Amino acid sequence: MRIEDTDRQRSTEEYYDAIMEAFDWLGLEWDEGPYRQSQRMDIYKESVNKLLSSGAAYRCTCTPDQVNAMREKARADGKTPKYDGTCRGRYDKDPNVPFCLRLRTPDAGETIVDDILAGEVVFENSQLDDMVIVRTDGTPTYNFCVAIDDIDMKITHVIRGNDHLSNTPKQVLVYKALEEPTPNFAHISMILGPDKKRLSKRHGADSVLEYRDRGFLPEALINYLVRLGWSHGDQEIFTKKEIVENFSLENLNRSAAIFNPEKLLWLNQEYIKSADGDFLVESLDTGLKERGLLPDLLTHGTRKGIVNELRTRSRTISDMIDGARFFFENEIEFDEKAASKFLNPENSGLIMKLRDELTKIETFSTENVKSVFHLVMEEETIKLGKLAQPVRVAITGGTISPGIFETISLLGKDRTILRLNTALAKIDE
């Protein structure tokens, strides 16, 4: 685990904590670290001194305006806009003149990146800049630090997005300048939105912790992200163990992956369907408390029954919690459109008759509730929908819930009767 935090403006403790929290939630562990580049400056300084001693690096006192002018001139001449090497072989002894350190790039020849996926990628050295390895404020740059870390940590494989391919020859030049072996590289495809443009917030590109807060399960998110750029036959759902056992670089996709929020939601629902019941109860309890509701209003066994009813219709844990709210509210809020349609004098008699029959039940089970419904339906010569929908609005406030028999038995006799009476009073108003 390596935190690349040499950019002081963008690297805050908040970002660091978020990274660690995300890995912890995902259940992803590491064998070494975490290492922080900001705490490894002595290692980078040692490598800088080696490069200066060998002549592979040099001090550059050119100002940013001077470097920009060099690039503009090169662009005007139809050449690659880059630093022109003015300070090569020159050493300004005046300590008051700010300087950066640059890596000397060979003037001729090629730097070759042998990529596992893309094959041999050739960069002409004449097109490469003498890159800055240490800024004027003394801080080392990203491309230099990661190369030194790779050497020090004996990294064998670097797997990253192909938007980093342009950085790779710069890092290869650092390995070569220090006479160190080059790691194996695999530059994988980018993730694009449904419109085939680079993934952004408008496509749903949230942080890992935002997905957690929206009710996604870590196993589902890992499964989806792995399958975005990799395949193993037609299998869609993998345990982490199966991913580890079957993963290979050769099966990575070479074309860009398309992020599909609906596919992620489907996958998350599949994981919720098969999740441990006690885990779902714990997740429900946490979400209810965050919404100011009391889980202990119902027993653990009843709450488990609720999540078992909701798991097949919930795409996220948040969906499940929202779907369960009415079980834990002392006073439900009626959807006005639903109430207007179903809580009316025409249905008042049906609701009243069902209430009276439910009151007679001694064992308030799903089967007994079902029997009462069928009794009222038979006596009134009506179908289930004619009775169930007004009752559903009366006890939940809306038109959507688990099965009406299961919902009533889980809500319990006293609370069901109370809500039916509240609905009847609303009709009378």
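For the structure, check the block above.
Fair warning: this is a prediction, and the values are worked out from it, not measured in the lab.

(A) A look at the layout of surface pockets. Its volume calculated, the second largest pocket comes out at about 400 Å³. Element by element, the count of residues in the lining of the second largest pocket is highest for helix α10 (residues 277-290), at six residues.

(B) Looking closely at the packing of aromatic side chains. Evaluation of the coordinates by the stated rule reveals seven aromatic pairs. Aromatic side chains Y211 and F216 sit 5.3 Å apart centroid to centroid with 80 degrees between the ring planes, which places their arrangement in the edge-to-face category. Assigned by exposure class, Y211 and F216 land together as buried. The structure contains a cluster of three or more aromatic residues connected by ring pairs, namely W230, F238 and F247. When the ring centre of Y83 is taken as reference, the NZ or CZ atom of R102 above it lies at 3.8 Å.

(C) View of the sheet that holds strand β7 (residues 132-134). Strand order in the open sheet made by the three strands is β3-β4-β7, with antiparallel pairing throughout. A strand with exactly one partner marks an edge of an open sheet, and here the two such strands are β3 (57-60) and β7. Direction aside, the axes of adjacent strands within the sheet are offset by 45 degrees on average. Where β3 lies against strand β4 (residues 100-103), four bridges are found, and the strand directions are antiparallel. Bridging across to β4, C60 finds its partner in C100.

(D) Up close: the pattern of salt bridges. This model, assessed by the stated rule, comprises 30 salt bridges. Where D296 meets R303, a salt bridge forms, and the shortest distance between an N and an O atom there is 3.9 Å. Taking relative accessible area as the criterion, R303 reaches 7% and is therefore assigned buried. One salt bridge connects K353 with E379, and the closest N-O pair in it is separated by 2.6 Å.

(E) Local environment of the pairing of β4. Residues C100 and R102 point to one face of β4 and L101 and L103 to the other, with burial holding for every one of them. Bridge count for β4 against β7 is two bridges, and the pairing is antiparallel. When the sheet's bridge partners are listed, R102 is paired in β7 with V132.

(F) A look at a nonpolar patch on the surface. Together, I19, F23, L28 and W30 give the surface a local cluster of nonpolar side chains, amounting to about 290 Å² of exposed area. In this fold, F23 is placed in helix α1 (residues 13-26).

(G) Region of the structure containing the pairing of strand β8 (residues 157-161). Of the strand pairs in this sheet, β8 and strand β9 (residues 184-188) are connected by five bridges, and their pairing is parallel. Looking at β9, one finds that R160 is bridged to H187. Handedness of the β-α-β unit built from β8, helix α5 (residues 168-177) and β9 comes out right-handed.

(H) Region of the structure containing the nonpolar core. Ranked by internal contacts, the top residues of the largest apolar core, which has 75 residues, are F327, F328, L343, L358, F373 and L387. It is helix α12 (residues 317-328) that provides the largest number of residues to this core, a total of seven residues. Ignoring sequence-local partners within four residues, the contact set of F327 consists of L297, L298, I306, T407, L410, L411, R415 and R419. Listed in part, the 26 residues of the second largest apolar core include V113, M131, V134 and F144.

(I) View of unusual backbone geometry. In this chain, G33 is followed by P34 through a cis amide linkage whose omega measures 10 degrees. Position of P34 among the secondary structure elements: in the loop between α1 and β2 (35-36). Within the chain, K196 stands out as a residue other than glycine whose phi angle is a positive 70 degrees. Residue placement: K196 occurs in the loop between β10 (191-192) and α6 (208-213). Accessibility expressed as a relative area gives 58% for K196, which makes it exposed.

(J) Expanded view of helix α15 (residues 366-380). The end-to-end C-alpha separation of α15 is 21 Å, in line with the 21 Å expected for 15 residues at 1.5 Å each. Packed against the buried residues of α15 are α14 (345-359), α16 (384-396) and α17 (404-411). Note on α15: the residue one or two positions beyond its end, T381, has a positive phi of about 55 degrees.

How each quantity is defined
- Residues numbered from 1 in each chain as written.
- Predicted model: local features only at pLDDT ≥ 70, side-chain atom pairs only at ≥ 80, totals over all residues.
- Heavy atoms only, no water.
- 1 Å grid on protein atoms, 1.4 Å probe; cavity = no way out; pocket = protein on both sides within 12 Å on 5 of 7 lines; lining within 4 Å.
- Points joined across faces, edges and corners; volume = space filled by probe spheres on them.
- Helix = DSSP H or I, 4+ residues; strand = E, 2+ residues; numbered from the N terminus.
- Phe/Tyr/Trp six-rings, centres within 6.5 Å; stacked < 30°, edge-to-face > 60°.
- Buried < 20%, exposed > 50% of the residue type's maximum accessible area, 1.4 Å probe, protein only.
- Lys NZ or Arg CZ within 6 Å of the ring centre and 35° of its normal.
- Pairing = 2+ DSSP bridges.
- Axes fitted to C-alpha atoms, helices over the stretch in contact; angles between N-to-C directions.
- Salt bridge = Lys/Arg side-chain N within 4 Å of Asp/Glu carboxyl O.
- Patch = residues over 30% accessible without salt bridge, like charges linked within 9 Å, V, L, I, M, F, W, Y side chains within 5 Å.
- Areas by Shrake-Rupley, 256 points an atom, 1.4 Å probe, with all protein chains shown as cover.
- Right-handed = clockwise from strand over helix to strand, strands pointing away.
- Core = buried A, V, L, I, M, F, W, Y, C linked by side-chain atoms within 4.5 Å.
- Contact = heavy atoms within 4.5 Å.
- Expected span 1.5 Å × (residues − 1).

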